[in-house]
Amino acid sequence: MTVTLKNTRFEAVISSTGAELHSLKELATGTEYIWCGDPAVWRFHAPMLFPYVGRFKDGMVIYDKEPLNLTPHGFIRDIEHAVTEQSATRVVWEVTDSPATMEKYPFHFKFTTEYHLTETGLVFRSTVTNTDSVSIRFSLGSHTAITCPRNTDPSGTVLDDYYLEFEKKEIPCRVLSTDTGFLAYDADGTAPVTEPYADITDGIVGLHQDKFGSGHILTGFASDWVALCCKKNNSRIKVNTAGYPYLVLWQNAGTPRFVCIEPWFGIPDPDNTDHYWSRKPGLIDLEPGKSFTTDQSITVDLI
């Protein structure tokens, strides 16, 4: 099932599977900002990631001495969500734990997602509520893929017409990873390890084919947004990053089709992990009855 939201400027389509944004389109021009989800390239569009982000070493984690086999990025993106509120421009989705989720994450929770179209873009928030009797630990993030190049103007665009802009003219740090995509560690065995991000100048990151490999994980930034900008029409598609400790930049392999701007609370496993969830870095601790909300809203404006 999908839900379509529409106002005078935009149309958004959201699927009940994962409560995932499938489309954000500018009505006047027909410009589509969200990747189409072609399974031959990457089957997702803008999935949410919960209760973990990134990959697990050896595909497993240990909860209370019990090993569990897990896939990357969690399960919330693959299960059905129910509509709890809906209007022409706003929809709220909800999913709760089930016997199936308890096999992968043995805690009780409620996960709520809100989408609200405005004249400047799409409010996009997700909330985790701890409905268990004990504190829960989790990671949470989003994985919005923005179509790039778009080729919606008459003369077309190419990857060189685009770049990434940080709100602040800053140099964040890059979290170092191994060739297999897990976190590097220092001589004392501590992860993450960081270094100044070498691919940014005055807050600008240029794009080229195979730019980000398996993903660049950044931290230590102050920008409230990071945007994909197009020099050809001066458009700027901003993703909210305020308050996030990590940001992942990624694009598909091969012929460029999209660029992902991914604000995360959480990181992949260190390469030297002992697999215990209780010692995994980057997790959020949430007390019973408490809620935690993230904002990964999308704004469309001009430079």
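Residues numbered from 1 in each chain as written. Predicted model: local features only at pLDDT ≥ 70, side-chain atom pairs only at ≥ 80, totals over all residues. Heavy atoms only, no water.

For the rest of this paragraph, the subject is the overall build of the chain. Within the chain one finds one helix and 25 strands. For the chain, the C-alpha radius of gyration of 19 Å lies close to 19 Å, the compact-globule estimate for 303 residues. Structurally, the chain occupies a C-alpha span of about 60 × 50 × 35 Å along its principal axes. Buried residues in the chain amount to 54% of all 303 residues. Put simply, 65% of the contacts in the chain that link residues at least 6 apart link residues at least 24 apart. Carbon and sulfur atoms provide 50% of the accessible area of the chain, an area that totals close to 12,800 Å². Here the chain carries 26 positive and 39 negative side-chain charges, and the mean point of each set is 3 Å from the other. (Helix = DSSP H or I, 4+ residues; strand = E, 2+ residues; numbered from the N terminus. Rg over C-alpha atoms; globule rule 2.2 N^0.38 Å. Buried < 20%, exposed > 50% of the residue type's maximum accessible area, 1.4 Å probe, protein only. Contact = heavy atoms within 4.5 Å. Areas by Shrake-Rupley, 256 points an atom, 1.4 Å probe, with all protein chains shown as cover. Lys, Arg positive; Asp, Glu negative; His and termini not counted. Charge placed at Lys NZ, Arg CZ, Asp CG, Glu CD.)

With that settled, consider the packing of aromatic side chains. Summed over the entire model, instances satisfying the criterion amount to 24 aromatic pairs. Seen in terms of ring centroids, Phe56 and Trp277 are 6.3 Å apart; in terms of plane orientation they differ by 35°. Their pairing is tilted. Here the residue Phe56 occupies a position in the loop between strand 4 (48–49) and strand 5 (60–63), and Trp277 occupies one in the loop between strand 22 (258–265) and strand 23 (284–286), the gap between them amounting to 221 residues. Among the residues examined, Trp277 registers a relative accessible area of 3% and is labelled buried. If you follow Lys57 out to its NZ or CZ, it ends over the ring of Phe182, 5.9 Å from the centre. Of note, Arg279 hangs over the ring of Tyr276, and the distance from its end group to the ring centre comes to 4.9 Å. (Phe/Tyr/Trp six-rings, centres within 6.5 Å; stacked < 30°, edge-to-face > 60°. Lys NZ or Arg CZ within 6 Å of the ring centre and 35° of its normal.)

Quick look at the sheet that holds strand 2 (residues 10–15) now. The three strands are arranged 1-2-3 in an open sheet whose pairing can be described as antiparallel. Each edge of the open sheet carries a strand with a single partner, namely strand 1 (2–6) and strand 3 (20–26). When strand polarity is set aside, the average angle formed by the axes of neighbouring strands in this sheet is 15°. One ladder, built from six bridges, connects strand 2 with strand 3; its direction is antiparallel. From the neighbouring strand, Ile14 faces strand 3, where its bridge partner is Leu21. (Pairing = 2+ DSSP bridges. Axes fitted to C-alpha atoms, helices over the stretch in contact; angles between N-to-C directions.)

Throughout the structure, instances matching the rule amount to 17 salt bridges. A salt bridge links Asp271 to Lys57, with the nearest nitrogen and oxygen atoms 3.2 Å apart. Taken together, the residues span a long stretch of sequence, with Asp271 in the loop between strand 22 and strand 23 and Lys57 in the loop between strand 4 and strand 5 at a distance of 214 residues. Residue class for Asp271 comes out partly exposed when judged on its relative accessible area of 23%. Here Arg77 ties to Asp78 by a salt bridge, and the two come within 3.9 Å at their closest N and O atoms. Residue Arg77 is classed as buried on the basis of its relative accessible area, which comes to 12%. The partly exposed category is assigned to Asp78, whose relative accessible area is 39%. The network of salt bridges with common partners includes Glu85, Arg90, Glu114, Arg125 and Asp295. (Salt bridge = Lys/Arg side-chain N within 4 Å of Asp/Glu carboxyl O.)

Our next topic: the nonpolar core. By size, the foremost hydrophobic cluster in this structure holds 67 residues, and its most contacted members are Tyr105, Tyr115 and Phe138. By residue number, the principal contributor to this core is strand 9 (residues 109–117), which donates four residues. With sequence-adjacent residues up to four places away left out, Phe138 is seen in contact with Phe50, Pro51, Tyr105, Val128, Trp277, Leu283, Ile284, Leu286 and Phe292. Grouped together as the second largest cluster of nonpolar side chains are ten residues, Leu49, Val175, Ile217 and Val248 included. (Core = buried A, V, L, I, M, F, W, Y, C linked by side-chain atoms within 4.5 Å.)

Another point: unusual backbone geometry. The residue after Phe50, namely Pro51, is reached through a cis peptide bond having omega 5°. Its place among the elements puts Pro51 in the loop between strand 4 and strand 5. At the junction of Cys148 and Pro149, the peptide bond is cis and its omega measures out at 0° in the coordinates. If you check the backbone angles, Asp210 has positive phi at about 60° while not being a glycine. A positive phi angle, near 60°, is found at Asn234, a position not held by glycine.

As a further point, take the pairing of strand 24 (residues 291–295). Here strand 24 shows one buried face, formed by Phe292 and Thr294, and one open face, formed by Ser291, Thr293 and Asp295. Relative to strand 24, strand 10 (residues 121–130) is paired through five bridges, and the arrangement is antiparallel. Counted as the bridge partner of Thr129 is Ser291 from strand 24.

This paragraph deals with the environment of Ser126. In this structure, Ser126 sits in strand 10. It is 8.4 Å that separates the C-alpha atoms of Ser126 and Met48, two residues lying 78 residues apart in sequence. The residues touching Ser126, leaving out its near neighbours within four places in the chain, are Met48, Phe111, Thr112, Thr113, Leu140, Phe292, Thr293, Thr294 and Gln296. One polar contact links Ser126 to Thr294, side chain to side chain, over a distance of 2.8 Å. In this structure the side chain of Ser126 is engaged in a polar contact, spanning 3.3 Å, whose partner is the side chain of Gln296. (Polar contact = N/O pair within 3.5 Å; in protein donor to acceptor, adjacent residues only side chain to side chain.)

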